[in-house]
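# Geometric and topological summary
Given next are the chains, with one letter for each unit.
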Amino acid sequence: MKRTIVAAALAAALLGATTALAEAPELSVTSTIYGEAFTNGYTTQKAEDNIGVQYSEDGAAVLTLSFPDGTPVDDSRIDASAAVVSLEDGDGYYKEMLELRATALPNAWENGQTTYTLDTDDLVWDNMGYPCDNGGLEWSGIGGDGNGHYAFNLKVSGIRYDGEDVADATFRVQIYAYGREFSGGSNGAGGYDDLLLPKAGKAALENAPEAGSEPVVTWVGAGDKPILCDYSTDNFYITWPAGMDASAVNGYKVAVELRSDYGDVLPLEAGRDYKVYASADTTQVSVNYVYWPFVPVYTTLTITADTGDAEPFTADFDIASVYVHSVQTGGGIAREGTVECYTVYGVDNIESWQTIMSQPTSMWVCEDPDSDAQSTRVSVLGMFANANTFLKENEDGSLAVVHDLAEATVYDASGEDGYNIGLRSHTAFLTRRSATRTEVIDGKTYTFTLAFSGGSDRVPQPEEVTVARGYILGDRLDTHQRWAWIFINACGWMDPNGTGK
């Protein structure tokens, strides 16, 4: 899926670009940079395979300098020696977790234009100092928008023309990670068997307000604000001033749009995504739309009603459109030292790894063929094994063998001798470990293996975090994962046909 983004239209909303001086030309950027990361059957593209992102050969960002009055640009006056291309904030990623290596404009200018391209290792994940031999942060088929589509905001700054600063400009880079399907369940994806979608419907507004000279808009729905990703209908009521007949303000005259903080606009479709019920004094807009992806994160809902006046009536609402969610990368390979990551999107202040990860513990286990004790399934290096014998460490330091899991000695596994959990940005890192020990207890030799439990992502409590704009905290961190494979969406990649690509 290749998209062309014109940066001039996004610049103000994306990054607050400064205004160019009158003497300097304007900079605009049109980008067709598109890359793919094939996961080869895994959830993520394994970093240790050293494949990386493969960019289309014809993809490029075209930078154009121009004067509003049409004055020709003199290439000899362009100075891009100190120009910098930087990765900026955006939806579906945290810029400190990536490294952009292609930071210069190396190509010549011709007729006021130059090009910028990316190669395989020019935009890579950065493990931010956490020791990582394999695994770690990777391209995920359920990352980005939840369907593997990432959209990165890049900024060009530092260009000068005839000694004057040229205003910054922004553009986007699209990357698509695919290669594993997530279909299943009766509705096309696991976890959605009981899906009940909201319906629009006419409903009277209780305790309707009185409108003075200006209309009054009332929202009725679940939660503290309109939530566009849940399965509840949001109703908006425009109460018109006395004496005004708004009977004609119907679905053809009411528009509903979602807007992000980075310039994205999503117009909803009347009749499908919302319905309008008009009367003389009230216009009801019943929004049954469900927003599924994680990107873009829409933060504002705008209702525009054409009343026949010179200026249409508009009203804005702060909304939530995306659930706080976690994306796991790394792992997947049962090998000593594999680094696993849990990145949580949608919260601003993660003070410690305990905020987003459960406490890991460990114990020493083995399977004794001479014991008739019932076996227990335990986790060893991310895989599962059976054990019926456990090690107990007595208060005096002596060791004992027990067959009841509840009697085994449990250790904190978060430190360096365990998972070595570390928090970097919005990501909890852990390193999968394996270990064995041989002990002679009551004259019998036992070889124990270190088994683990816990150490997975957990839902932050509301008092622990500040939820970011456009997000809503649910009771799980995988709500809406696999959304692209639900039958009503059906846009996820499917092996072997590549549907959804």
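Rules of the game
Position numbers for residues count from 1 along each chain, tracking the sequence in the order it is written. In keeping with the predicted nature of the model, local features appear solely for residues at pLDDT of at least 70, side-chain atom pairs appear and are counted solely at 80 or more, and the whole-chain, interface and lining totals rest on all residues. Side-chain descriptors were evaluated using all non-hydrogen atoms of the structure, hydrogens and water having been removed beforehand. Per the convention used, a helix needs a DSSP run of H or I reaching at least four residues, while a strand needs a run of E reaching at least two, with both numbered from the N terminus. Partly exposed describes any residue whose relative accessible area lies between the buried limit of under 20% and the exposed limit of over 50%, with all areas from a 1.4 Å probe on protein chains only and scaled to the type maximum. Here a polar contact is recorded for every N or O atom pair within 3.5 Å, except that within protein the pair must consist of a potential hydrogen donor and a potential acceptor, and residues adjacent in sequence are included only if both atoms are side-chain atoms. The contact criterion used is simple: two residues touch if any of their non-hydrogen atoms lie within 4.5 Å. Residues enter a nonpolar core if they are buried and are Ala, Val, Leu, Ile, Met, Phe, Trp, Tyr or Cys, with the set joined through side-chain atoms within 4.5 Å. A side-chain nitrogen of Lys or Arg and a carboxyl oxygen of Asp or Glu constitute a salt bridge if their distance falls within 4 Å. Note on pairing: two strands pair once DSSP finds at least 2 bridges between them. The axes are straight lines fitted to the C-alpha atoms, using for helices just the contacting stretch, and the angles between their N-to-C directions are given from 0 to 180°. The criterion for a disulfide is a pair of cysteine sulfur atoms lying within 2.5 Å.

## Considerations on the side chain of threonine 120
Here threonine 120 is to be found in the loop between β9 (113–116) and β10 (123–125). Among the residues examined, threonine 120 registers a relative accessible area of 19% and is labelled buried. Within the structure, threonine 120 has its side chain in polar contact with the backbone oxygen of valine 53 (distance 3.1 Å). Residues contacting threonine 120, with those up to four places away along its chain left out, are Ile51, Gly52, Val53, Gln54 and Tyr55.

## A word on the nonpolar core
With 104 residues, the main nonpolar core has Leu63, Leu105, Tyr116, Trp139, Phe152, Ile159 and Phe171 as its most contacted residues. In this view, leucine 63 contacts Leu27, Ser28, Val29, Leu105, Trp109, Gly112, Gln113, Thr114, Tyr116, Val156 and Ile159; residues no more than four positions away in its chain are not counted. Counting 11 residues, the second largest nonpolar core, distinct from the first, contains Tyr192, Val290, Trp483 and Ala484.

## As for the environment of tyrosine 55
Position of tyrosine 55 among the secondary structure elements: in strand β4 (residues 54–55). Look at tyrosine 55 and you get buried, because its relative accessible area is 14%. Residues tyrosine 55 and isoleucine 175, 120 residues apart in the sequence, show an inter-C-alpha distance of 8.4 Å. Apart from the residues within four sequence positions on either side, tyrosine 55 is in contact with Ile33, Tyr34, Gly35, Leu118, Asp119, Thr120, Leu123, Val173 and Ile175.

## Section: the pattern of salt bridges
Scanning the model with the defined rule gives 18 salt bridges in all. A salt bridge links lysine 95 to aspartate 89, with the nearest nitrogen and oxygen atoms 3.9 Å apart. Aspartate 273 is paired through a salt bridge with arginine 272; the nearest N and O atoms lie 3.1 Å apart. On the basis of relative accessibility, which here comes to 5%, the residue aspartate 273 falls in the buried class. Linked through salt bridges whose partners overlap, the residues forming this network are Asp74, Arg77 and Asp162.

## Some words on the sheet that holds strand β21 (residues 282–287)
If you trace the four strands from one edge of the open sheet to the other, you get β16-β17-β21-β20, paired in antiparallel fashion. Taken across any chain shown, the strands that pair with only one partner, and hence form the sheet edges, are β16 (216–220) and β20 (274–278). Strand-to-strand twist of the sheet, defined as the mean angle between neighbouring strand axes without regard to direction, takes the value 15 degrees. Note: β20 against β21, five bridges, orientation antiparallel. Among the inter-strand pairings, tyrosine 277 is bridged to a residue of β21, identified as glutamine 284.

## So, the state of the cysteines
Throughout the structure, instances matching the rule amount to zero disulfides. For cysteine 341, which is in no disulfide, the shortest distance to another cysteine sulfur is to cysteine 132 and amounts to 6.6 Å. Judged by relative accessible area, which is 0%, cysteine 341 ranks as buried.

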